[in-house]
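# Descriptive analysis of the structure
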Amino acid sequence: MNPRAVQGDTVEDPEWDEEAMPETLSISTQTDALKVKKKSHTSLFTLDIKKEQIIDNLRAIYARTDPEEFWKLTYPGTYDFRYAFHNTKVVSPRTPLTPTAERIATLNDVVADFRRAFVLFVDILKSIDQLRDVQEDDKMKIAKSRFAAFYWWLCSTWSAKAGCNGVCYSNGSYHPASISDMPKSEGKHGVRIDYSGVSQKSLENLVEPLRRMELSDEERIVGAVMVILADPVPNVSTKTEKILAEARDFYLELLGYCIKLPEEQQGIRVSTMVLLLASIMELVHLTTDNIQLSDVLHVIDLGDWSQELRDHRYRRQF
């Protein structure tokens, strides 16, 4: 027993000494800070895993093919856009994507590529988690509004990688920039399908800049999603607008994650890619004019399902 305690003297507990308290609090604060830092690192690690999973899923979508016995199957009939969106087999089978530009495209190649690209577009759109809660009518508006931009990004990135003098397609063919080499419709007096010099414009304004950038595979596939989400979709609900904005921010961050450069250079590269959207939208307008004229001249039959898609113009009223 402490004799001073028996005498009634106060015993000072060294753990609560006023001079010791700041040191004790400092240790506690440091411990809390370490816990927060550890938790932060864990959260970032978890987020990086999620990002890698999304990129891997996109790779799998591009690699996805249907069994070979289905490649030659056709489904004659009249289908509207909504039905085709949810039943893509009536549009095209998932044949292997071979953007190698080994031969000049025929009209059949052009139509087959348009159809195959649409199926790829639908698969990617359905993979975007943020869009799963979007109401059905708004989903259709997004699909109609953003396919053309996606298609130009897809073909242009393929063209940049293949190094062809024209627009590269998914089936080993390409649409040449040279007018004399362009495919014609059937018949003695065949009609060429590029009425606005779209192929040449795509080379100058989109393919060449992409070629100089030498995009990685990750940048190409994540960039395709970014193109889908990049611009506002007209006439959707306020809730859908918010969902699209959140998805846009997420995939913009994911695009930056794909760029293994210092932060400053990373920002410049992302900005350069985003600036290319203006060139894409110009090509969308020109392509719409081409397709409408093709319809008038009965040059290309893309199928009844695509009528709503072809009638759509950027920011038009649905």
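The following refers to the structure shown.

Criteria and cut-off values
- Residues numbered from 1 in each chain as written.
- Predicted model: local features only at pLDDT ≥ 70, side-chain atom pairs only at ≥ 80, totals over all residues.
- Heavy atoms only, no water.
- Helix = DSSP H or I, 4+ residues; strand = E, 2+ residues; numbered from the N terminus.
- Buried < 20%, exposed > 50% of the residue type's maximum accessible area, 1.4 Å probe, protein only.
- Contact = heavy atoms within 4.5 Å.
- Areas by Shrake-Rupley, 256 points an atom, 1.4 Å probe, with all protein chains shown as cover.
- Pairing = 2+ DSSP bridges.
- Expected span 1.5 Å × (residues − 1).
- Patch = residues over 30% accessible without salt bridge, like charges linked within 9 Å, V, L, I, M, F, W, Y side chains within 5 Å.
- Salt bridge = Lys/Arg side-chain N within 4 Å of Asp/Glu carboxyl O.
- Axes fitted to C-alpha atoms, helices over the stretch in contact; angles between N-to-C directions.
- Arc of directions from axis to C-beta.

### Overview of the overall build of the protein chain
Within the protein chain, the secondary structure is distributed over 11 helices and three strands. Mapped from its N terminus to its C terminus, the protein chain presents α and β elements in the order α-α-α-β-α-α-β-β-α-α-α-α-α-α. Taken over 318 residues, the protein chain has a buried fraction of 44%. Considering only contacts within the protein chain whose residues lie at least 6 apart along the sequence, 75% involve residues at least 24 apart. Carbon together with sulfur atoms contributes 53% to the accessible area of the protein chain, which is approximately 17700 Å² in total.

### Regarding the pairing of strand β3 (residues 171-176)
Where burial is concerned, most of β3 is hidden: five out of the six residues are buried. The pairing of strand β1 (residues 98-104) with β3 spans three bridges and is parallel. Across the sheet, the residue bridging to Arg103 is Ser173, located in β3. Across three bridges, strand β2 (residues 166-168) lies against β3 in antiparallel orientation. Bridge pairing in β3 links Gly166 to Pro176. Once β2 ends, the chain turns through two residues before running back antiparallel as β3.

### As for the environment of Ile280
Among the structural elements, Ile280 can be located in helix α10 (residues 277-297). Its relative accessible area of 1% is what places Ile280 among the buried residues. Put simply, Ile280 and Ser156 are 124 residues apart on the chain and 9.4 Å apart in space, counted from C-alpha to C-alpha. Aside from chain neighbours lying at most four places away, what touches Ile280 is Ala149, Trp152, Trp153, Leu206 and Val227.

### So, helix α7 (residues 217-230)
With 14 residues, α7 ought to run about 20 Å at 1.5 Å a step, and its terminal C-alpha atoms sit 19 Å apart, in line with that. Those residues of α7 that fall on the buried side of the exposure criterion are Glu219, Arg220, Ile221, Val222, Gly223, Ala224, Val225, Met226, Val227, Ile228, Leu229 and Ala230.

### Let's talk about a nonpolar patch on the surface
Together, Phe70, Leu73 and Tyr75 give the surface a local cluster of nonpolar side chains, amounting to about 260 Å² of exposed area. For Phe70, the position within the fold is in the loop between α2 (21-63) and α3 (81-86). Look at Phe70 and you get partly exposed, because its relative accessible area is 39%.

### Points about the pattern of salt bridges
Enumeration over the complete set of coordinates arrives at 15 salt bridges. Here Arg59 ties to Glu218 by a salt bridge, and the two come within 2.4 Å at their closest N and O atoms. Remark: Glu218 occurs in helix α7 and Arg59 occurs in helix α2; sequence separation between them is 159 residues. Overall, the relative accessible area of 35% leaves Arg59 in the partly exposed class. Here Arg132 and Asp129 are joined by a salt bridge, their closest N and O atoms 3.4 Å apart. Among the charged side chains, a salt-bridge network with shared partners connects Arg64, Asp66, Arg94 and Asp123.

### Some words on the sheet that holds β1
The three strands lie next to each other as β1-β3-β2, forming an open sheet whose pairing is mixed. Since the sheet does not close on itself, it has two edges, and those belong to β1 and β2, each with one partner. Recorded for the sheet is a direction-independent mean angle of 40° between the axes of neighbouring strands. Sheet strands touched by helix α4 (residues 107-127): β1 and β3. Its angle to β3, the strand with the most contacts, is close to 115°.

### Quick look at unusual backbone geometry
Within the chain, Ala101 stands out as a residue other than glycine whose phi angle is a positive 55°. Turning to its location among the elements, Ala101 is positioned in strand β1.

### A few points about helix α9 (residues 263-275)
Residues that lie three or four places apart on an α-helix share one face, since the helix turns once every 3.6 residues. Taking 1.5 Å per residue as the helical rise, α9 with its 13 residues ought to reach 18 Å, and the 18 Å between its terminal C-alpha atoms agrees with that figure. Where α9 is concerned, the buried positions are Arg269, Val270 and Met273. Seen along its axis, α9 keeps its buried residues to an arc of 95°; they face one direction. In this structure, α9 carries Glu264, Ile268 and Leu275 as exposed residues pointing more than 90 degrees from its buried face.

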